[in-house]
Amino acid sequence: MQPIFHNDWDTVLKAEYDKPYYQSLRKFLQSEYATHVIYPQMQDMWTAFELTSYHDVRVVILGQDPYHGPNQAQGMSFSVQSGVKIPPSLRNIFKELSSDLEVPVPSSGTLTGWAKQGVLLLNTVLTVREGAAASHRGKGWELFTDEVIRKLSLRREPIVFILWGRHAQEKTSLINRRRHAIIESVHPSPFSANRGFFGSHPFTRTNDFLVEWGYKPIDWSKTEAAQLNE
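These figures come from a predicted structure and were not determined experimentally.

## Describing the packing of helix H4 (residues 88–101) against helix H8 (residues 202–212)
Phase 1 of the analysis: Put simply, H4 and H8 touch, their axes get as near as 8 Å, and they point 60° apart. As summarised for this structure, H4 and H8 are arranged oblique, according to the angle between their axes. Residues Ile93, Glu96, Leu97, Asp100 and Leu101 of H4 form the contact with H8, whose own contacting residues are Pro202, Phe203 and Thr204.
Phase 2 of the analysis: Here the contact of H4 with H8 is built from residues that sort into five nonpolar, one polar and two charged.

As structure tokens, this is what we get:
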């Protein structure tokens, strides 16, 4: 399960795969995929890294672990496979997107269009057992994704980190605030969205930072990769 991304992540993360924690994680995942239904499917585990190279990252949206229902997870935080019913948190993200930028609410929950524009949709844990939220936490994924955040923080080119909820905000100590921007609010879950997520304007604020730094803003209305060619 040592990944090959076919981009610069291969070099950036190369040293991680020989570390004891990763070797232990790899054995755990081999057993889990052999004996249980695990999401996302093995070939989709690394989608976020495959679609958004290290050099191309402009924004990081940090999630927790993948969706644990059938046909949902596709290897990117908050994103679901095309044709799948949009989950509640993503539905609230789209509501805020529509309000913030005055664009139509997307009809598909697939976020490949964001990824292709430099938005790294990173979960802190990359796999989960079917129907068992958080079942792969504490197995080594957090050590791996913490290192991903550290590597991004070391970049000279600035990045906007979008941290929704306490779990994501625990990662702020890994980010160099003098170099990068952090946008925080409560999680978009239905349990908390009305306590400060709605009206937080994360998409406008992110683009304001990008333009200030001389980057092209993200076209947040183009959630699917196919829309980028329209």
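Moving on, there is more to tell.
## Focus on the environment of Arg129
Phase 1 of the analysis: Inspection of the secondary structure assignment puts Arg129 in strand E4 (residues 128–129).
Phase 2 of the analysis: With a relative accessible area of 29%, Arg129 lands in the partly exposed category.
Phase 3 of the analysis: The spatial distance from the C-alpha of Arg129 to the C-alpha of Gly69 is 9.2 Å, given a sequence separation of 60 residues.
Phase 4 of the analysis: Here Arg129 is in contact with Glu32, His36, Val37, Ile38, His68, Ser135 and His136, once residues within four sequence places are set aside.

## Section: the side chain of Glu32
Phase 1 of the analysis: In this structure, Glu32 sits in helix H2 (residues 20–35).
Phase 2 of the analysis: Judged by relative accessible area, Glu32 falls into the buried class, the value being 5%.
Phase 3 of the analysis: Setting aside anything within four residues of it in sequence, one finds Glu32 in contact with Ile38, Arg129 and His136.

## A word on the sheet that holds strand E6 (residues 181–185)
Phase 1 of the analysis: Spatially, four strands are ordered E3-E2-E5-E6 in an open sheet, and the strand pairing comes out parallel. The strands lining the two open edges of the sheet, one partner per strand, are strand E3 (119–123) and E6. Between one strand axis and the next, the sheet turns by 20° as a mean value, whatever way the strands run.
Phase 2 of the analysis: For strand E2 (residues 59–63) and strand E5 (residues 160–164), the ladder comprises four bridges, and the chain directions are parallel. Looking at E5, one finds that Val60 is bridged to Phe161.
Phase 3 of the analysis: Of the strands in this sheet, E2, E3 and E5 are in contact with helix H6 (residues 141–153), which crosses E3 at around 150°.
Phase 4 of the analysis: Each of E2, E5 and E6 is contacted by H8, which is oriented at about 160° to E5, the strand it contacts most.

## Here's the deal with the layout of surface pockets
Phase 1 of the analysis: By volume, the largest pocket is sized at about 430 Å³.
Phase 2 of the analysis: Asp65, Pro66, Tyr67, Ser89 and His187 are the residues nearest the centre of the largest pocket, which is lined by 23 residues in total.
Phase 3 of the analysis: A breakdown of the residues in the lining of the largest pocket according to their chemical character gives nine nonpolar, 12 polar and two charged.

## Topic: the pattern of salt bridges
Pairs can form between side chains of opposite charge once their charged atoms are near each other.
Phase 1 of the analysis: Under the counting rule described, the total for this entry stands at 10 salt bridges.
Phase 2 of the analysis: For the salt bridge of Arg137 with Asp65, the shortest nitrogen-to-oxygen distance reads 3.5 Å. Placement of the pair is Arg137 in the loop between E4 and H6 and Asp65 in the loop between E2 and H4, with a sequence separation of 72 residues.
Phase 3 of the analysis: Residue Arg137 is classed as partly exposed on the basis of its relative accessible area, which comes to 32%.
Phase 4 of the analysis: The partner of Asp146 in a salt bridge is Lys171, and the shortest N-O contact between them spans 2.7 Å. Of this pair, Asp146 sits in helix H6 while Lys171 sits in the loop between helix H7 (166–169) and E6, and the two are 25 residues apart along the sequence.
Phase 5 of the analysis: Here the salt bridges do not stand alone but share partners, grouping Glu147, Arg150 and Lys151 into one network.

About the thresholds
- Residues numbered from 1 in each chain as written.
- Predicted model: local features only at pLDDT ≥ 70, side-chain atom pairs only at ≥ 80, totals over all residues.
- Heavy atoms only, no water.
- Axes fitted to C-alpha atoms, helices over the stretch in contact; angles between N-to-C directions.
- Helix = DSSP H or I, 4+ residues; strand = E, 2+ residues; numbered from the N terminus.
- Parallel < 35°, antiparallel > 145°, perpendicular 65-115°, else oblique.
- Contact = heavy atoms within 4.5 Å.
- Nonpolar A, V, L, I, M, F, W, Y, C, P; charged D, E, K, R; others polar.
- Buried < 20%, exposed > 50% of the residue type's maximum accessible area, 1.4 Å probe, protein only.
- Pairing = 2+ DSSP bridges.
- 1 Å grid on protein atoms, 1.4 Å probe; cavity = no way out; pocket = protein on both sides within 12 Å on 5 of 7 lines; lining within 4 Å.
- Points joined across faces, edges and corners; volume = space filled by probe spheres on them.
- Salt bridge = Lys/Arg side-chain N within 4 Å of Asp/Glu carboxyl O.

These figures come from the coordinates and say nothing about function on their own.
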